[in-house]
Amino acid sequence: MGFNSKYHLDVDFEVPKKLQWYYAPAFFGFWFVIYLTLVNTQINHMPQALTRTDEAARPRDFIAQRAEDTLIELTRIGPRVVGSVANEVTTVQFLRDEVAKVQAEAHARFEIEIDVQQATGAYMHWSMVNMYQGIQNVVVKLSEKGNSNENALLINCHYDSVPGSPGAGDDGSMVATMLEVMRVLAKTNEPLAHPIIFLFNGAEENPLQASHAFITQHKWAKQCKALINLDSAGSGGREILFQSGPNHPWLMNYYRQVPHPFANTLGEEMFQAGLIPSDTDFRIFRDYGGVPGLDMAYIFNGYVYHTKFDRVNVFPRASFQHTGDNVLALARAFGNAPELDDTAAHAEGHNVFYDFLGWFIIFYTETTNIIVNVVVGVLALLAIGISLYFMSVRSGCSLKGVLLRFGIIFGIQLVSLALACGLTLLVAVFMDGVERSLSWFTQMWMIIGLYVFPIIFGMSILPAIYLERTKQDALALGFRIQLFMHSHCVCLIILMFTMTGLAIRSAYIIMLAVLFDIVALIINLVTKWHRKAYWFAIAVMICQILPFTYFTYVCTAALMTLIPMQGRSGSSSNPDLGIALLVWLFSLMFAGFIVPLIMFFRKTRTIVLCFLAGTILFIIIGVTSAGFPYRPKTSTQRYALIHAHRRLHNADGTVRLDESGLYIYPQDRRFNIALDDLKVLGDIHKVSEFCDEEMFCGMPLYNHRWHKAREYSLWIPVKEQPQLPDAHPALTLTETQELADDTQRRFNFSLVGPDHMTIFVNVKNEAKILDWSFNETLIKRNEEPPYFIYFSYGIDKSALEFSIDVEKTSFDTPTLEIGIGGHWVHQDVSRSEGFNAHINSFPDYTYIQAWVGTYESWYF
């Protein structure tokens, strides 16, 4: 379509000739080189790791080699699972010995106290009761002699690991880091206004039990006024600060003193929204102790997280230096921070924080964020309005004509953004539909072709067609391209205002995109380059270098974090959809103001169609063996497998079901590729087939997440019974007591079994649970049964005694149904030859977390 005008172009305006198409590769290459030289290098940049030979010259510094040596010794213990001798005895003694070494080197001004806590307790973890008995914490307090100030800094990590994993990255690396930080602080003759409590907690993977035990029961818990939590969702790389506060912006005043900042509000909001399938002790300290702090973790190389491949040899020494330098700086800063004397007086709301390429950190309060977003948005709209006015003046078109064109182009831009989103989601749906999701799991570059290319195509094809059909428009090409940029800016402003109104602090990212576009616009208006198309384009490109670098940096970090997580996020949802949507959102910012510049090249539609062709090419690659997502050892496909024996009783005590089988919990979307291998083992049933008839499907579910994944979990009956190290868990009804009247009765039970058990409780025949000796939250909320209790014990192996109070009109019929799942998660010797054969039948690119278990249920 086109517009006729009775006006002529102003002589001051340069009518551009389009550039030859063969310059387009250089244009795209320019941005690719920026990515490779800045983003790709900085996102993996590490400091030089210090060795023992550097210690004499740098006595105040963290020595990475010392930490590495400590980690080597720690991982030689092997997997450190709650309840195992390795975790409860060997590792505790290892930590005692390491602290004794620090005590021997400590300066005379300091005293070091050590306490090994044993605790029993329970709390609600999502939808299940999380109960622990005799779990342990090794707690060390470093303080100046004679200092009466008890307001302390808490630094936390965990020394336990998941079954089968040596836990080098998660979380042995942070154990070693804390020990080295403690050594340097204790050895250096420097003041420490506040005590520092080092908590090595022994039950985080269970989950989060030991931190709950410390903050609710330990004698030093009330002294903790600020927190540094150290965890890992990967192995090495740069640790990220992804949670701060809450409501304590002063914390960031100290974080900005670290030498290697890596932090982002976006990570905090994604984590707290449940988009990241994990949790940390930070939440326990926050919810049960009200302790503000910083939550830091390794996020890169999440492929080995919670596997047997999480070893020392894949953890870079330089990562120790990166983290050690930062934690040591924070410990010194918080250890002398006056805010610890009255943290409540400094509670002022949330923060917005982000680093730039690890060079420096920017942070401000949430209130400031709102003000900045509004001011930038209003200024941007004002600048766009001025630009439209000058267009009408210089082009000879009326202001009404310019506004009409702007309205049309704004509509085209909206449709283009929607088309870009639709195309990339269509690719995601297609890849999942042909069972080829996760093709980027190992090869991250596949995302460029599968999702970036269709986004660029969708964002540019309609503008290209429009500009081609309006060649004779009185408004010159340069001005019309500017209108597309202005339209995109308005779209971002609308998005920014919406996110700000919803209190989404990550709206700062949109603000930065708008800000740099307006900087380019103001430069063009002041210099009058907006009249000269190519000078205008050069100004835009120069002003887009910083935002392009930053947005691709954050996007790459997000992808490096999230991609490995898709291998353990379950089978229920299509992971390609999330990745596609994330890439589209970031593309709005790093490509939204660059894509319109494509219109300056000849054969624009041909150039744009190349991106569509590239998308098709990458889809072909993705559906062939070249797009296979897994690799042995480095990026495996995960399964949890239990060789289990199920025994279900009738109300009269007789057995209605007695069978053995393999419970298989696939942890990603592509579990169908293993079905042919699994069919050899026996008849395959979905676990969900049993859920209508049996409480919690009548299966040895390990935790509540397993129940959520029942539709995609499998049960394969086999003849061979599991070789159990001990007998089935034994549940004994020790006593029944009449309560207020004959309609209320207390059932007292005793339970013995392995150190990891699940307890399922249901009521029958219109019975109602009034109270029980477990955590009371479910009862007080009047939650509907059945109830899920996760129970584990550490050093204390005594029987679990519990009671349930029930109300019922008559106790002549069954009142309670109780199921007990037993899990021997760290006894490798219990695997039979047949069980090992089942495990070995899986392809070499899989990782099988396997153990033996039981499930037995009774009526009472």
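The present account deals with the structure reproduced in this document. Source: prediction; values computed, not measured.

## Remarks on the overall build of the protein
And step 1. Per the secondary structure count, the protein includes 21 helices and 21 strands.
And step 2. Taken over the C-alpha trace, the protein has a radius of gyration of 31 Å; the compact-globule value for 860 residues is 29 Å, and the two agree within 12%.
And step 3. For the protein, the spread of C-alpha atoms along the three principal axes comes to 100 × 70 × 55 Å.
And step 4. Pairs at least 24 apart in sequence give 82% of the contacts found in the protein among residues at least 6 apart.
And step 5. Entry remark: accessible area of the protein is about 32300 Å², with carbon and sulfur atoms responsible for 57%.
And step 6. Charge separation in the protein, taken as the distance between the mean sites of 65 positive and 81 negative side-chain charges, equals 12 Å.

## Observations regarding the packing of helix α2 (residues 64-75) against helix α9 (residues 317-335)
And step 1. Two numbers describe how α2 lies on α9: the axes approach to 8 Å, and their chain directions differ by 115°. As for the relative orientation of α2 and α9, their crossing is right-handed in sense. Residues Ala-64, Gln-65, Ala-67, Glu-68 and Leu-71 of α2 form the contact with α9, whose own contacting residues are Arg-317, Phe-320 and Gln-321.
And step 2. Its residues placed into classes, the contact of α2 with α9 shows 4 nonpolar, 2 polar and 2 charged.

## Details of the side chain of Thr-470
And step 1. Looking at the element boundaries, Thr-470 is found in the loop between α12 (446-469) and α13 (477-501).
And step 2. Judged by relative accessible area, which is 0%, Thr-470 ranks as buried.

## What about the state of the cysteines?
And step 1. Counted under the stated rule, the structure contains 1 disulfide.
And step 2. Covalent S-S linkage joins Cys-691 and Cys-697, the inter-sulfur distance amounting to 1.9 Å. Disulfide Cys-691-Cys-697: torsion about the S-S bond near 85°, hence right-handed.

## Topic: empty space enclosed by the protein
And step 1. One pass over the full model with this rule turns up 4 cavities of 30 Å³ or more.
And step 2. Its boundaries defined by the atoms lining it, the largest cavity holds a volume of some 70 Å³.
And step 3. As for the largest cavity, its lining consists of Gln-482, Met-485, His-486, Asp-517, Ala-520, Leu-521, Asn-524, Phe-536 and Val-540.
And step 4. Those elements giving two or more residues to the lining of the largest cavity turn out to be α13, α14 (507-527) and α15 (533-565).
And step 5. It is α14 that provides the largest number of residues to the lining of the largest cavity, a total of 4 residues.

## So, helix α3 (residues 85-105)
And step 1. Between its terminal C-alpha atoms α3 stretches 29 Å, which fits the 30 Å expected from 21 residues at 1.5 Å a residue.
And step 2. A bend of about 30° at Thr-91 is the largest found in α3.
And step 3. Considered for burial, the residues of α3 that qualify are Ala-86, Asn-87, Glu-88, Thr-91, Val-92, Phe-94, Leu-95, Glu-98, Val-99 and Val-102.
And step 4. Elements that come into contact with the buried residues of α3 comprise α2, β1 (110-125), β2 (128-144), α4 (168-187) and β4 (196-201).

## Observations concerning the pairing of strand β16 (residues 756-763)
And step 1. Taking burial as the measure, the 8 residues of β16 include 8 buried ones, the bulk of the element.
And step 2. The pairing of β16 with strand β18 (residues 787-793) spans 6 bridges and is antiparallel. Bridged to Ile-759 within β18 is Ile-789.
And step 3. With 8 bridges connecting them, β16 and strand β20 (residues 816-824) associate as antiparallel partners. Counterpart to Val-761 in the pairing with β20 is Ile-818.

## Things to note about the environment of Asp-170
And step 1. Here Asp-170 shows up in helix α4.
And step 2. C-alpha separation for the pair Asp-170 and Leu-230, spaced 60 residues apart in sequence, amounts to 9.7 Å.
And step 3. Residues within four places of Asp-170 in sequence aside, it is in contact with His-158, Asp-160, Ser-161, Glu-205, Asp-231, Ser-232, Gly-234, Tyr-305, His-306 and Asp-310.
And step 4. Polar contacts involving the side chain of Asp-170 include one to the side chain of His-158, which spans 3.0 Å.
And step 5. Side-chain polar atoms of Asp-170 contact the side chain of His-306, separated by 2.9 Å.

## Considerations on the environment of Met-270
And step 1. Examined against the element boundaries, Met-270 turns out to sit in helix α7 (residues 265-272).
And step 2. Classification of Met-270 by relative accessible area gives buried; the value is 12%.
And step 3. Counting along the chain gives 28 residues from Met-270 to Phe-242, while the straight-line C-alpha distance between them is 9.2 Å.
And step 4. Among residues more than four places away in sequence, those in contact with Met-270 are Leu-275, Ile-276 and Leu-562.

## Brief notes about a positive patch on the surface
And step 1. A grouping of Lys-17, Lys-18, Lys-471 and Arg-602 is seen on the molecular surface, where their side chains present a positively charged patch.
And step 2. Counting through the fold element by element, Lys-17 comes out in the segment before α1 (24-42).
And step 3. Looking at Lys-17, the relative accessible area reads 68%, which means it is exposed.

## Description of the packing of aromatic side chains
And step 1. On inspection of all chains with the given rule, the structure shows 60 aromatic pairs.
And step 2. Where Tyr-550 meets Tyr-553, the ring centres are 6.5 Å apart and the plane angle is 40°; that geometry is what we call tilted. Here Tyr-550 pairs with Tyr-553, and both are found in helix α15, just 3 residues apart, close to one helical turn.
And step 3. Among the residues examined, Tyr-550 registers a relative accessible area of 4% and is labelled buried.
And step 4. What makes Tyr-553 buried here is its relative accessible area of 1%.
And step 5. Their ring planes at 80° and their centres at 6.0 Å tell us that Phe-671 and Tyr-712 sit as a pair that is edge-to-face. Here Phe-671 is found in the loop between β11 (655-666) and α18 (675-679), whereas its partner Tyr-712 is found in the loop between α19 (704-708) and β13 (714-718), with 41 residues between them in sequence.
And step 6. Overall, Phe-671 belongs to the buried group, its relative accessible area being 11%.
And step 7. Here the aromatic residues Phe-27, Phe-28, Phe-30, Trp-31, Trp-445, Phe-453, Phe-548, Phe-590, Phe-601, Phe-611 and Phe-618 are joined through ring pairs into a cluster of three or more.
And step 8. Directly above the ring of Trp-715 sits Arg-646, whose terminal nitrogen or CZ lies 5.0 Å from the centroid.

## Description of the sheet that holds strand β19 (residues 800-807)
The strands making up a sheet are joined through hydrogen bonds of the backbone, oriented either antiparallel or parallel.
And step 1. Here 4 strands make up an open sheet; going across it, the order is β14-β15-β19-β17 and the pairing antiparallel. Both outer strands of the open sheet, β14 (730-738) and β17 (768-772), are each paired with one neighbouring strand and no more. Direction aside, the axes of adjacent strands within the sheet are offset by 30° on average.
And step 2. With 4 bridges joining them, β17 and β19 adopt antiparallel strand pairing. Among the inter-strand pairings, Ile-769 is bridged to a residue of β19, identified as Val-806.

## Examining the packing of helix α11 (residues 399-433) against α12
And step 1. Taken N-terminus to C-terminus, the directions of α11 and α12 make an angle of 150°; their axes are 8 Å apart at the nearest point. One element, α11, and the other, α12, form an angle in the roughly antiparallel class. Seen from above, α11 lies across α12 with right-handed handedness.
And step 2. Per-class residue counts for the contact of α11 with α12 are 21 nonpolar, 3 polar and no charged.

## Examining the side chain of Ser-750
And step 1. Among the secondary structure elements, Ser-750 is positioned in strand β15 (residues 744-752).
And step 2. On the basis of relative accessible area, Ser-750 is assigned to the buried category, the value being 13%.
And step 3. A distance of 3.2 Å separates polar atoms of two side chains, one belonging to Ser-750 and the other to Glu-801.
And step 4. Leave out the neighbours within four places in its chain, and Ser-750 touches Ala-730, Leu-731, Thr-732, Thr-734, Ala-799, Leu-800 and Glu-801.

Cut-offs used in this document
- Residues numbered from 1 in each chain as written.
- Predicted model: local features only at pLDDT ≥ 70, side-chain atom pairs only at ≥ 80, totals over all residues.
- Heavy atoms only, no water.
- Helix = DSSP H or I, 4+ residues; strand = E, 2+ residues; numbered from the N terminus.
- Rg over C-alpha atoms; globule rule 2.2 N^0.38 Å.
- Contact = heavy atoms within 4.5 Å.
- Areas by Shrake-Rupley, 256 points an atom, 1.4 Å probe, with all protein chains shown as cover.
- Lys, Arg positive; Asp, Glu negative; His and termini not counted.
- Charge placed at Lys NZ, Arg CZ, Asp CG, Glu CD.
- Axes fitted to C-alpha atoms, helices over the stretch in contact; angles between N-to-C directions.
- Left-handed = near helix turned anticlockwise from the far one by under 90°.
- Nonpolar A, V, L, I, M, F, W, Y, C, P; charged D, E, K, R; others polar.
- Buried < 20%, exposed > 50% of the residue type's maximum accessible area, 1.4 Å probe, protein only.
- Disulfide = S-S within 2.5 Å.
- 1 Å grid on protein atoms, 1.4 Å probe; cavity = no way out; pocket = protein on both sides within 12 Å on 5 of 7 lines; lining within 4 Å.
- Points joined across faces, edges and corners; volume = space filled by probe spheres on them.
- Expected span 1.5 Å × (residues − 1).
- Bend = angle between axes of the 7 residues up to and from the residue.
- Pairing = 2+ DSSP bridges.
- Polar contact = N/O pair within 3.5 Å; in protein donor to acceptor, adjacent residues only side chain to side chain.
- Patch = residues over 30% accessible without salt bridge, like charges linked within 9 Å, V, L, I, M, F, W, Y side chains within 5 Å.
- Salt bridge = Lys/Arg side-chain N within 4 Å of Asp/Glu carboxyl O.
- Phe/Tyr/Trp six-rings, centres within 6.5 Å; stacked < 30°, edge-to-face > 60°.
- Lys NZ or Arg CZ within 6 Å of the ring centre and 35° of its normal.
- Parallel < 35°, antiparallel > 145°, perpendicular 65-115°, else oblique.

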